[in-house]
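Working through the structure, step by step
Chain residues, written in single-letter form:
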Amino acid sequence: MEIREEVRKMKRVAPQVASSTLEQRNHVLKLIGESLERHKEEIFAANRKDLERADAEQVAPAIRKRLKFSEEKLADVEKGIRLLISLPDPIHRETLVRELDEGLLLKRVTCPIGVIGVIFEARPDALVQISSLCIKSGNCAVLKGGRETAETNRVLFRVIHEAAVAGGLPEYCMIQAEQHNEIDELLDCDDCVDLLIPRGSNRFVRYIMDHTKIPVMGHADGICHIYVDKDADFEKAIPIIIDAKTQYTAACNAVETLLVNRSVAPAFLPKLAEALRKEGVEIRGTKEVTSMIGGETIGEDQFREYLDLIVSVKLVNNLDEAVDHINRFGSHHTDCIITENDETAERFMELVDSAGVYQNCSTRFADGFRYGFGAEVGISTGKIHARGPVGLDGLVTYKYKLYGHGQIVGDYASGKKEFHFRDIVS
C-alpha cells in the first residue's frame, strides 16, 4: 500500500476519533478483549509459525523469548485492557479555567496528540498494548511490527481492527504497515504524523531519530543500575538484584550494572556472586571485583546493555561516586539504591538524572502496567512532554479554548479595558 496516502486518510478521520465519547472508546476496548479471547487459537497458531521461523533462523534466545505470545501473555494484555477501561478519561479534562476579564473565559483542555506512528520489534503483545492505549486516549495509530512476528501481528491487527470498527470507530482509526520499506515512507510523513514512538534496539531507535522530522518519543538504551549502599540490608539486596537481572533479562528495565560500596564489598560480594551464579548469571567486573569473586575482567568504562544473563559490577567509595557513574554511563532509564538510610536514598533520587529512581525495589517495576497505567506504548528517557513509562497521560496534549462576547485586543492595548485574571476552581 501507499503508506502516505493511507496516513493522509487517517489524518482526516483523526478529529472524529478525538471527539469520540469515553463510553464509545471503553465499549471498543471491551469488544477487543472479547475478540482476542474468541480468536486466541488462531493467534497462537500464527505465533507458532513465527517461533518456527525464529528457530530455523537461529534467532538469539533473548529475542525469541520476546516473540512468544502465550496464554500468559494473552491474560496479561486482557488484564491491561480491563484496567484501561476502569481508568478515567484522559481527554476532555479541564486543567485550567481562568477568567481573563468579565465575559472572557480561558480553558485548557486535554486532547489526543492525533496520529501516532509506533514502530516496534519482536513483541506481539506490544501491538495489543499500543492499540488499546491509542484507542482509550482518542489517538489514531499507524502500527509497524518487526518481521520476526509478522504472522502473529497480522492476526492480532485484524482482530483488533475489526472490533474497533464494529464499535463505531472509523476504518482509518488504525493502519498496519507490514513492509520494511514502509518504515522510510512513514518517516517522511511529517505533514500528517504527529508523533513517532520506536521500540527496539539501540541501533534501530537511533536510525528512526536520525531519519525523520517527526517528533520522536522513546529511548535508545536501557542501561539500568543498582547501587548497594553501605547501609544496605543484604537480605533485601540479593533478591532485588536477582529479580532485576533474571525475571525478564530481555527487557530494557533489567539491571545491567551493579555498583557496590567499597566498605561492604568484602562481606557482600561473595554472597551476591553465589546467588547470581546459581541463577546462571555471568559476572563481569572491574579488576578489583574479579580479584575478590572471579569472573571476566572489564575496564572502568566498559559498561553496556546486555539483555542477557550477564551483569557488570564495580566498586565505589560513596554515594557521590555512584551517582557520577550512573549519570555518565547510564541511559537515564531506571536506577535504584539499596539502603536503609532514607536520607541517603532521597539524595540519590534527587541527584540521579533518570526517568525512574527507586529505593529498595527491582528496576523491573518500570512498566506502564505496574504503574497502573493499563499498559504502555514505551518508555521515554526524554524530558519534554513524557518521561518514564508512557501510558495514557503521555498520549495526550492540550489545547486552549477561549470564550468571549465580542472582546477585541485593541481595547486592552489602548487602556480602555484591563485584564482581571481570576482562576476558577471547578
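Figured I'd write up the structure that's included with this text. (Residues numbered from 1 in each chain as written. Predicted model: local features only at pLDDT ≥ 70, side-chain atom pairs only at ≥ 80, totals over all residues. Heavy atoms only, no water.)

A closer look at the packing of aromatic side chains
The condition is simple: Each pair of aromatic rings taken from Phe, Tyr and Trp, with Trp reduced to its six-membered ring, is defined by centres within 6.5 Å and is described as stacked if the planes are under 30 degrees apart, edge-to-face if over 60, and tilted in the remaining cases. Throughout this description, buried means an accessible area under 20% of the type-specific maximum (1.4 Å probe, protein chains only), exposed means over 50%, and partly exposed covers the range between. For a lysine, the NZ atom is tested; for an arginine, the CZ atom; a charge sits over a ring if that atom is within 6 Å of the ring centre and within 35 degrees of the ring normal.
Per the stated rule, a full pass over the model turns up 7 aromatic pairs. When the ring of Tyr398 is compared with that of Tyr400, the centres are 5.6 Å apart and the planes differ by 80°; the resulting orientation is edge-to-face. Residue classification places Tyr398 among the partly exposed residues on the basis of a relative accessible area of 46%. Residue class for Tyr400 comes out partly exposed when judged on its relative accessible area of 47%. Ring geometry for Phe419 versus Phe421: centroids 5.4 Å apart, planes at 10°, classification stacked. Judged by relative accessible area, which is 57%, Phe421 ranks as exposed. One aromatic cluster is present, built from ring pairs that chain together Tyr412, Phe419 and Phe421. Geometry around Tyr398 places Arg108 over its ring, the cationic atom sitting 5.5 Å from the centre.

Here's the deal with the pairing of strand 11 (residues 310-316)
The condition that has to hold: Here a helix means four or more residues in a row that DSSP labels H or I, a strand means two or more in a row labelled E, and each is numbered from the N terminus. By the convention used here, strands pair only if DSSP detects at least 2 bridges between them.
In terms of burial, strand 11 is a largely internal element, 7 of the 7 residues being buried. In strand 11, alternate side chains face the same way, and those of Ile310, Ser312, Lys314 and Val316 on one face and Val311, Val313 and Leu315 on the other are all buried. Where strand 8 (residues 255-261) lies against strand 11, 5 bridges are found, and the strand directions are parallel. The partner of Asn261 across the bridge, within strand 11, is Val316. Two elements, strand 9 (residues 282-285) and strand 11, share 4 bridges in a ladder whose sense is parallel.

What to know about the sheet that holds strand 8
Going by this rule: For this analysis, residues touch if any pair of their heavy atoms sits within 4.5 Å. Note on geometry: axes are lines fitted to C-alpha atoms, helical ones only across the stretch in contact, with angles between N-to-C directions running from 0 to 180 degrees.
A sheet is described by the order of its strands in space; here 7 strands give the open sequence 10-9-11-8-7-12-13, paired in parallel fashion. Edge positions in the open sheet fall to strand 10 (296-297) and strand 13 (356-359), since each of these has one partner strand only. The pairing of strand 7 (residues 224-228) with strand 8 spans 5 bridges and is classified as parallel. Considered in strand 8, the bridge of His225 is made with Thr257. Set on the sheet, helix 10 (residues 234-246) makes contact with strand 7, strand 8, strand 11 and strand 12 (334-338); between it and strand 8 the angle comes to about 160°. Against the sheet, helix 13 (residues 319-329) contacts strand 7, strand 8, strand 11 and strand 12, and its axis sits at roughly 175° relative to strand 7.

Remarks on the sheet that holds strand 1 (residues 94-101)
The pairing of strands in a sheet comes from backbone hydrogen bonds and takes either a parallel or an antiparallel form. Strands sit in the order 16-2-1-17 across an open sheet of 4 strands; the sheet is antiparallel. The open sheet has two edge strands, strand 16 (396-403) and strand 17 (422-423), and neither has a second partner. The sheet contact formed by strand 2 (residues 104-112) and strand 16 spans 8 bridges and is antiparallel. Across the sheet, residue Leu106 finds its bridge partner in strand 16, namely Leu402.

Let's talk about helix 1 (residues 3-18)
Where we set the bar: Expected helix span is computed as 1.5 Å times (number of residues minus one). A residue's bend is the angle separating two fitted axes: one through the seven residues that end there, the other through the seven that start there.
Taking 1.5 Å of rise per residue, the 16 residues of helix 1 would be expected to cover 22 Å, and the 22 Å separating its terminal C-alpha atoms lies within 8% of that figure. Along helix 1, the sharpest change in direction is near 40° and occurs at Arg12; proline Pro15 comes one to four residues later. Among all positions of helix 1, only Ile3, Glu6, Val7, Met10, Val13, Ala14, Val17 and Ala18 are buried.

Some thoughts on the nonpolar core
Note the cut-off: Remark: nonpolar core denotes a set of buried residues (Ala, Val, Leu, Ile, Met, Phe, Trp, Tyr, Cys) joined through side-chain atoms within 4.5 Å.
By size, the foremost hydrophobic cluster in this structure holds 69 residues, and its most contacted members are Leu36 and Leu143. Ignoring any residue separated from it by four or fewer positions in sequence, one finds Leu36 in contact with Ile43, Leu74, Glu78, Ile81, Val128, Leu156, Val159 and Ile160. Counting residues in hydrophobic clusters, the runner-up holds 34 residues, among them Ile226, Ile242, Cys252 and Leu272.

Regarding the pattern of salt bridges
We count it as follows: Any carboxyl oxygen of Asp or Glu that lies within 4 Å of a side-chain nitrogen of Lys or Arg is treated as forming a salt bridge with it.
Evaluated as defined, the whole model comprises 29 salt bridges. Between Arg25 and Asp89 there is a salt bridge, with the nearest N and O atoms lying 2.9 Å from each other. You can see Arg25 sitting in helix 2 (residues 22-38) and its partner Asp89 sitting in the loop between helix 5 (71-86) and strand 1, a full 64 residues away along the chain. The buried category is assigned to Asp89, whose relative accessible area is 15%. The shortest N-O distance in the salt bridge between Glu42 and Arg158 comes to 2.8 Å. Placement of Glu42 in helix 3 (residues 40-56) and of Arg158 in helix 7 (residues 150-166) is noted, with a sequence separation of 116 residues between them. On the accessibility criterion, Arg158 (32% relative accessible area) is partly exposed. One network of salt bridges, with partners in common, ties together Arg4, Arg8 and Asp191.

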